[in-house]
Structures are given as structure tokens and as C-alpha cells.
Amino acid sequence: MRMGHETTATVVDHVKPHRGDMVLFWDKSNWQPLCTKHHSSSKQREESGKRVVRIGADGWPV
């Protein structure tokens, strides 16, 4: 995804990983829409404990 471009959300992501907890899995307040590319890349790296560099609106790392 490039800055300023929108991508349709195709995945319901869990803000807080549910790790098998079905109550948290079905808690709609824990859901967020993501595109498949984001969910399959940076979100998964973040959940596995790896460093994810975030870029601010000005184009610089935050």
C-alpha cells in the first residue's frame, strides 16, 4: 500500500490477539477491518514479537 491510497478491507482482524479465547474472538469491540496484505504481513510480524517500523503521515518513521 502506498501513502494516500485506499485498499478495501477484506479481513476482520483482532486488535488484541485472542490466542484461542472464544469470548475475545467473538468480541466485536476487538475487531478491526484490514486489507489482506496488511493482515498477512506487518500485523503478523507484530504479533510474533518482531519489530515493525511504522511510518508517519510525513513519511518519516515514528
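Residues numbered from 1 in each chain as written. Predicted model: local features only at pLDDT ≥ 70, side-chain atom pairs only at ≥ 80, totals over all residues. Heavy atoms only, no water.

Okay, the overall build of the chain next. Counting secondary structure elements, the chain contains 3 helices and 2 strands. Going from the N terminus to the C terminus, the chain shows its helices and strands as β-α-β-α-α. When burial is assessed residue by residue, the chain has 16% of its 62 residues classed as buried. Sequence separation of at least 24 residues holds for 41% of the intrachain contacts in the chain that already meet a minimum separation of 6. With an accessible surface of roughly 5,200 Å², the chain has 57% of that area assigned to carbon and sulfur atoms. (Helix = DSSP H or I, 4+ residues; strand = E, 2+ residues; numbered from the N terminus. Buried < 20%, exposed > 50% of the residue type's maximum accessible area, 1.4 Å probe, protein only. Contact = heavy atoms within 4.5 Å. Areas by Shrake-Rupley, 256 points an atom, 1.4 Å probe, with all protein chains shown as cover.)

A few words on the environment of Pro33. Here Pro33 lies in strand S2 (residues 31–34). Expressed as a C-alpha distance, the spacing of Pro33 and Val15, which sit 18 residues apart in the sequence, is 9.7 Å. If sequence neighbours within four positions are ignored, Pro33 has contacts with Ala9 and Val11.

Summed over the entire model, instances satisfying the criterion amount to 2 aromatic pairs. Where Phe25 meets Trp26, the ring centres are 4.8 Å apart and the plane angle is 80 degrees; that geometry is what we call edge-to-face. On the basis of relative accessibility, which here comes to 24%, the residue Phe25 falls in the partly exposed class. (Phe/Tyr/Trp six-rings, centres within 6.5 Å; stacked < 30°, edge-to-face > 60°.)

The subject of this paragraph is unusual backbone geometry. Located in the positive-phi region is Arg19, a residue other than glycine, with phi close to 45 degrees. Along the chain, Arg19 falls in the loop between strand S1 (11–14) and helix H1 (22–25).

Here we come to the environment of Lys28. As for its placement among the helices and strands, Lys28 is situated in the loop between H1 and S2. With 16 residues separating them in the primary sequence, Lys28 and Val12 have C-alpha atoms 9.8 Å apart.

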